[in-house]
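# Coordinate analysis (summary)
So the chains spell out like this:
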Amino acid sequence: MTQILEVKGLVAGYGASPILHGLDFSVPAGGVATILGANGAGKTTTLRAVSGLIRPAGEVRFAGERIDRLSTEDIARRGIAHVPDGRGTFVHLSVEENLRLGAYTRRDPAGVARDFERVFALFPVLQQRRRQQAGTLSGGEQQMLAISRALMLRPKLLLMDEPSFGLAPLIVREIFRIMRMVNEEEGVAILLVEQNASLALELASRAYLLETGRLVVSGSADELRADDAVRRSYLGY
Ligand code: ATP
């Protein structure tokens, strides 16, 4: 199977000391991969290194081409959208303005207009609240807005940083249902970092376990579900 994202020997951190010590992982074209791990393992750092927010060493290939030397804007333009932890919505702007910002790299106004309709169809609540300040939305609605803003880029790959964080279980289910739909119906590949291992393994076909900056288990979602360390520490049985 071809890989939309292939990462080899990824080293990244802040300042002198690396947080990630040489990660190898990939995301299948049109597929979902997940990186599981505890607080502080380096999940957020991994996504930042892929989207260019921090400059990594090692190789990052997207659709076969090196992107590890490109700016965040060029990486976004190629089709990688990052939904950061804490959602990263602009709280003082309206829902509509946030969505418009998601499309800032695009030069096809007709396509952008169609994508407004598309995200409002996925998340009708955002249409009702299109003139409301993003900061006044509920946590679940803000996550929906963050995903929608990323979709406005028309990405080929979504980087999702703990979409379940701080949300009630029912809302988390809804968010995961929509991620599945975006993946299956629109063919958008997803790299998901999550602490909620059981949910992440339901969505992903490929999975990795990150511990203190190293991938200690890699395999299919079924293989990770069957792994003793994953079961004990992350699945609780
Ligand atoms: P969490 O779920 O808690 O966010 P994580 O797996 O996403 O955990 P990271 O946020 O990638 O982990 O953090 C990995 C390590 O990098 C931590 O030890 C953290 O303190 C450190 N770190 C994160 N951001 C910075 C920063 N801006 N400057 C310096 N160190 C940082």
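Residues numbered from 1 in each chain as written. Predicted model: local features only at pLDDT ≥ 70, side-chain atom pairs only at ≥ 80, totals over all residues. Heavy atoms only, no water.

Keep this limit in mind: UniProt positions are given in the numbering used here, feature names are shortened, and annotations may be inferred rather than shown by experiment.
As recorded in an unreviewed UniProt entry, the protein chain goes by the name Amino acid/amide ABC transporter ATP-binding protein 2 (HAAT family), listed as coming from Stella humosa. The Sequence similarities (unreviewed entry) field of the UniProt record for the protein chain holds the comment "Belongs to the ABC transporter superfamily."

## Overview of the pairing of strand β9 (residues 206–211)
This is how the line gets drawn: Type-normalised accessible area, obtained with a 1.4 Å probe on protein chains alone, sets the label of each residue: buried when under 20%, exposed when over 50%, and partly exposed for intermediate values. Strands here are runs of E lasting at least two residues and helices are runs of H or I lasting at least four, both read from the DSSP assignment and numbered beginning at the N terminus. The criterion for strand pairing is that DSSP finds at least two bridges linking the strands in question.
In terms of burial, β9 is a largely internal element, 5 of the 6 residues being buried. Taken together, the 4 bridges between strand β3 (residues 32–36) and β9 define a ladder with parallel strand orientation. Along β9, the bridge assignment pairs Thr34 with Ala207. Where β9 and strand β10 (residues 214–220) come together, 6 bridges link them in antiparallel fashion. The residue of β10 that forms the bridge with Ala207 is Gly219. The turn linking β9 back onto β10 is made up of 2 residues, and Thr212 within it adopts a positive phi angle of 35 degrees.

## What to know about the sheet that holds strand β8 (residues 189–194)
Our working definition: Here an axis means a line fitted to C-alpha atoms, over the contact stretch when the element is a helix, while the angle between two N-to-C directions is reported on a 0 to 180 degree scale. Note on contacts: a residue pair is in contact if any heavy atoms of the two residues lie within 4.5 Å.
Spatial ordering of the open sheet is given by β6-β7-β8-β3-β9-β10, a layout of 6 strands whose pairing is mixed. Edge positions in the sheet fall to β6 (80–83) and β10, since each has one partner strand and no second. Averaged over all pairs of adjacent strands, the angle between their axes in this sheet comes to 15 degrees, without regard to strand direction. As judged from the 4 bridges shared by β6 and strand β7 (residues 157–161), these two strands associate in the parallel manner. If you follow Ile80 over to β7, its bridge partner there is Leu157. Where helix α7 (residues 169–186) meets the sheet, its contacts fall on β3, β7 and β8, and the angle it forms with β8 comes to roughly 155 degrees.

## Some points on the side chain of Gln142
Heads up, the rule is: Contacts described as polar in this section are N or O atom pairs within 3.5 Å, which, within protein, must combine one atom able to donate a hydrogen with one able to accept it, while residues neighboring in sequence count only if both atoms come from side chains.
Along the chain, Gln142 turns up in helix α6 (residues 139–151). A polar atom in the side chain of Gln142 sits 3.2 Å from the backbone oxygen of Leu137. Not counting chain neighbours up to four residues away, the residues in contact with Gln142 comprise Arg87, Thr89, Ala134, Gly135 and Leu137.

## Here we look at the pattern of salt bridges
Oppositely charged side chains are able to pair whenever their charged atoms sit close together. Just so we agree on the cut-off: Within this document, salt bridges are pairs made up of a side-chain nitrogen of Lys or Arg and a carboxyl oxygen of Asp or Glu, the two lying within 4 Å of each other.
Taken as a whole and assessed by the stated rule, the structure comprises 20 salt bridges. Where Lys43 meets Glu162, a salt bridge forms, and the shortest distance between an N and an O atom there is 3.6 Å. Of this pair, Lys43 sits in helix α1 (residues 43–51) while Glu162 sits in the loop between β7 and α7, and the two are 119 residues apart along the sequence. According to the relative accessible area criterion, Lys43 is buried, its value standing at 5%. Under the relative-accessibility criterion, Glu162 is labelled buried at 11%. The salt bridge partner of Asp115 is Arg118, with a shortest N-O separation of 3.2 Å. Taken as a pair, Asp115 and Arg118 lie in helix α4 (residues 109–122) at a separation of 3 residues, close to a single helical turn.

## Topic: the packing of α6 against α7
To keep it simple, the criterion reads: Should an angle fall under 35 degrees it is called roughly parallel, over 145 degrees roughly antiparallel, and 65 to 115 degrees roughly perpendicular, with every other angle called oblique. In this scheme the crossing of two helices becomes right-handed for a clockwise turn of the near helix relative to the far one and left-handed for an anticlockwise turn of less than a right angle. Under the convention adopted here, Pro, Cys and the residues Ala, Val, Leu, Ile, Met, Phe, Trp and Tyr are nonpolar, Asp, Glu, Lys and Arg are charged, and Gly plus all remaining residues are polar.
For the pair α6 and α7, the least separation of the axes is 10 Å and the interaxial angle reads 15 degrees. One finds that α6 runs roughly parallel with respect to α7. Here the hand of the crossing between α6 and α7 comes out right-handed. Contacts between α6 and α7 pair Gly140, Gln143, Met144, Ile147 and Leu151 from the former with Ile171, Glu174, Ile175, Met179 and Val182 from the latter. Classifying every residue of the contact of α6 with α7 by side-chain character gives 7 nonpolar, 2 polar and 1 charged.

## Regarding unusual backbone geometry
Even without being a glycine, Ala63 presents a positive backbone phi close to 50 degrees. For Ala63, the location among the structural elements is in the loop between β4 (57–62) and β5 (65–66).

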